[in-house]
Amino acid sequence: MQQVNTWRAVAAATGAADRAAAEEGVRRAYRTAGLAEPERIVWADSPRAAVETVEGLSGAGRSVRDEVRTGPWAEERRRLHDELGPAGWARLWSATGAQLWDTTRELAERIRAGVVTALTERPEDEADVRLVLLDAVLGQHDAAWLAAFDGRGERLEGLAQVARNAGWWWPYENAVVICERPVELHRDEAGRLDRSDGPALAFPDGFALHAWRGMPVPATFLDELSSLTPERIRAEENAELRRVMLEYYGYDRYLDESGAQPVHRDESGVLWRIALAGDEDVVMVEVVNSTPEPDGSYRTYWLRVPPATRTAKEGVAWTFGLEQEAYAPVRQT
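About the thresholds
- Each chain carries its own residue numbering, running from 1 in the direction its sequence is written.
- It should be noted that, the model being predicted, local features are given only for residues of pLDDT at least 70 and side-chain atom pairs only at 80 or more, the latter also being counted only at that level, while totals for whole chains, interfaces and linings use all residues.
- Side-chain metrics rest on all non-hydrogen atoms present in the structure, leaving aside hydrogens and water.
- Geometry is summarised by axes, namely lines fitted to C-alpha atoms with helices restricted to the contacting stretch, and by angles between N-to-C directions that run from 0 to 180 degrees.
- Segments assigned H or I by DSSP are reported as helices when at least four residues long, segments assigned E as strands when at least two residues long, and all are numbered from the N terminus.
- Should an angle lie under 35 degrees it is considered roughly parallel, over 145 roughly antiparallel, and from 65 to 115 roughly perpendicular; all remaining angles are considered oblique.
- Whether two residues touch is decided by their heavy atoms; if any such pair falls within 4.5 Å, the residues are in contact.
- Each residue is assigned to one of three groups, with Ala, Val, Leu, Ile, Met, Phe, Trp, Tyr, Cys and Pro labelled nonpolar, Asp, Glu, Lys and Arg labelled charged, and all others, Gly among them, labelled polar.
- Note on exposure labels: buried denotes an accessible area under 20% of the residue type's maximum, exposed denotes more than 50%, and partly exposed covers the range between, all computed with a 1.4 Å probe on protein chains only.
- We define the nonpolar core as a collection of buried residues of types Ala, Val, Leu, Ile, Met, Phe, Trp, Tyr and Cys that are connected through side-chain atoms lying within 4.5 Å of one another.
- Pairing of aromatic rings covers Phe, Tyr and Trp, the last counted by its six-membered ring, and requires centre-to-centre distances within 6.5 Å; plane angles under 30 degrees mean stacked, over 60 mean edge-to-face, and any other angle means tilted.
- We count a salt bridge whenever a side-chain nitrogen from Lys or Arg sits within 4 Å of a carboxyl oxygen from Asp or Glu.
- Strands are treated as partners if at least two bridges between them are detected by DSSP.

Participant: I'm lost on the packing of helix α3 (residues 47-56) against helix α6 (residues 125-134) in this one. Help?
Facilitator: Helix packing for two helices is described by the angle between their axes and how far apart those axes are. Closest axis-to-axis distance for the α3/α6 pair is 10 Å, and the angle between their directions is 95 degrees. As judged from the angle between their axes, α3 and α6 are roughly perpendicular. Seen from α3, the contacting residues are Val-51, Val-54 and Glu-55; seen from α6, they are Asp-128, Val-129, Val-132 and Leu-133. Among the residues forming the contact of α3 with α6, the class breakdown is 5 nonpolar, no polar and 2 charged.

Spelled out as structure tokens, the structure:
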């Protein structure tokens, strides 16, 4: 559906905000909510900077997020639900917002966590930062639910206009803080933040998140990936970071260079086991494709299987969702 692709692009947009268009969207959202337009609109270069700006605002008044965002959304959802019926609403959501929900929600959660980490110098600071984050309207990262209402009413048009042109924003009685969109966004095929040579998400002021296939990692951690050795991997005490190292380094390469020995062989392949302190074993089956490549060689594949696997055949069977006894291929390909 075209509107899903349009809003997917909104959620992933990078580069400078269209400030004039976003500010007009803010004013429209206030008017729609029956509020006077804000006296001040202040821009920030990232959600982190926006939280700091909000904390330093004077005379902003109370948060009007409920009037501007929560109330109109709830009313429009109720209207559409009544108009379409439960089944019709479910079909609409499945075809629109549900397509974007997981990736945008996870990205927003990662940004919140990054802001909390960046601004929490003392344990008692965390609650204050989280309270400010609760006042935020997510702009482009509200794309999932805005996609479901696109073209189906005017009450949300101001919110949609801000989302198309800017990042997160904080609405108060007398002032609004809006932040710029990211300047960089890198994700893997599953939509997770992912980059091995720099920030996966970065804002103009340097606020950034680093990740490998969705897992948060320190920036300094990425710097050493290119110089990894089996010894360095074994020495890593953090089990999650060690898994990242193994994925980057390559399980087959690690097995070869660490002098690992196979634990089982049969007609299906070779079973290898990597024992890791403080973590479950990594168990791999080495299999050779029975179909030759154009040059006559035979390609080797490595299949990761559950730690409890005891034979190569059991591991290969598991990849097909079968028990070992039921796995009896007539022809390998």
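Once you've had a look at it, read on.
Participant: Would you mind showing me how to read the side chain of Asp-279 here?
Facilitator: In this fold, Asp-279 is placed in the loop between β10 (269-274) and β11 (282-288). Residue Asp-279 is classed as buried on the basis of its relative accessible area of 18%.

Participant: Looking at this model, I keep getting lost on the nonpolar core. Mind explaining?
Facilitator: If you look at soluble globular proteins, the nonpolar side chains tend to sit buried side by side. By size, the foremost hydrophobic cluster in this structure holds 33 residues, and its most contacted members are Trp-7, Leu-159 and Trp-169. For this core, the secondary-structure elements that each account for two or more residues are α1 (2-11), α2 (19-32), α4 (65-95), α7 (143-149), α8 (157-165) and β3 (175-179). In terms of residue count, α7 provides more of this core than any other element does, 7 residues in total.

Participant: What should I look at first to understand the environment of Gly-278 in this one?
Facilitator: Looking at the element boundaries, Gly-278 is found in the loop between β10 and β11. Separated by 39 residues in the primary sequence, Gly-278 and Ala-239 have C-alpha atoms spaced 6.9 Å apart. Among residues more than four places away in sequence, those in contact with Gly-278 are Ala-239 and Arg-242.

Participant: I would appreciate a short explanation of the environment of Glu-109 in the present structure.
Facilitator: Locating Glu-109 in the fold gives a position in helix α5 (residues 98-119). Glu-109 sits 40 residues away from Arg-69 along the chain, and the two C-alpha atoms are 19 Å apart.

Participant: Honestly, the packing of aromatic side chains in this entry has me stumped. Any pointers?
Facilitator: Note on aromatic pairs: each is described by the distance of the centres and the angle between the planes. Under the counting rule described, the total for this entry stands at 8 aromatic pairs. Taking 6.2 Å as the distance between ring centres and 80 degrees as the angle between the ring planes, the aromatic pair formed by Trp-73 and Trp-145 counts as edge-to-face. Remark: Trp-145 occurs in helix α7 and Trp-73 occurs in helix α4; sequence separation between them is 72 residues. Judged by its relative accessible area of 5%, Trp-145 falls in the buried class. Three or more aromatic residues joined by ring pairs form one cluster here, namely Trp-73, Trp-89, Trp-93, Trp-101, Trp-145 and Phe-149.

Participant: Quick question: what am I supposed to make of the pattern of salt bridges here?
Facilitator: Side-chain pairs of opposite charge can arise whenever the charged atoms involved come near each other. Under the defined criterion, the tally for this structure stands at 28 salt bridges. The shortest N-O distance in the salt bridge between Arg-195 and Glu-184 comes to 2.9 Å. Of this pair, Arg-195 sits in the loop between β4 (184-185) and β5 (201-202) while Glu-184 sits in strand β4, and the two are 11 residues apart along the sequence. The salt bridge involving Lys-313 is made with Glu-267; its shortest N-O contact spans 3.9 Å. Of this pair, Lys-313 sits in helix α13 (residues 312-319) while Glu-267 sits in the loop between β9 (262-266) and β10; the two residues are 46 residues apart in sequence, bridging distant segments of the chain. Through salt bridges that share partners, Glu-23, Glu-24, Arg-27, Arg-31 and Glu-37 make up one connected network.

Participant: How should α8 be read in this particular structure?
Facilitator: Counting along an α-helix, one turn takes 3.6 residues, and residues three or four places apart therefore face a common direction. Of all 9 residues in α8, 7 are buried, a share of seventy percent or more. Considered for burial, the residues of α8 that qualify are Gly-158, Leu-159, Ala-160, Gln-161, Val-162, Ala-163 and Asn-165. Buried residues along α8 sit in contact with α1, α2, α4, α7 and β2 (169-171).

Participant: How should I be thinking about the sheet that holds strand β1 (residues 40-44) in this particular structure?
Facilitator: Sheet strands associate in pairs through backbone hydrogen bonding, adopting either a parallel or an antiparallel arrangement. Overall, mixed pairing links the 3 strands, which are arranged β1-β3-β2 in an open sheet. Since the sheet does not close on itself, it has two edges, and those belong to β1 and β2, each with one partner. Averaged over all pairs of adjacent strands, the angle between strand axes in this sheet comes to 15 degrees, irrespective of strand direction. In the sheet, β2 pairs with β3 via 3 bridges, with the strands oriented antiparallel. Within the sheet, the bridge partner assigned to Trp-169 lies in β3 and is Ile-178. Here α3 sits on the sheet in contact with β1, β2 and β3, set at roughly 160 degrees to β3.

Participant: I keep staring at unusual backbone geometry and nothing clicks. Help me out?
Facilitator: Note on backbone geometry: most residues besides glycine have negative phi, and most peptide bonds are trans. Residue Arg-213 is not a glycine yet carries a positive backbone phi of 50 degrees. Structurally, Arg-213 is set in the loop between β7 (211-212) and β8 (215-216). Judged by relative accessible area, which is 38%, Arg-213 ranks as partly exposed.

Participant: It is not clear to me how the sheet that holds β4 should be interpreted in this structure. Could you clarify?
Facilitator: Spatial ordering of the open sheet is given by β4-β5-β6, a layout of 3 strands whose pairing is antiparallel. Two strands in the sheet have a free side with no partner beyond their single neighbour: β4 and β6 (208-209).

Participant: Would you take a moment to explain the pairing of β11 for this structure?
Facilitator: Every other side chain in a regular strand lies on the same face of the sheet, so the side chains alternate between the two faces. Among the 7 residues that make up β11, 5 are buried, leaving the element largely enclosed by the rest of the structure. Bridge count for β11 against strand β12 (residues 300-305) is 6 bridges, and the pairing is antiparallel. Each residue of the ladder has a partner; that of Val-287, found in β12, is Tyr-301.

Take it as geometry only, folks, not as evidence of what the structure does.
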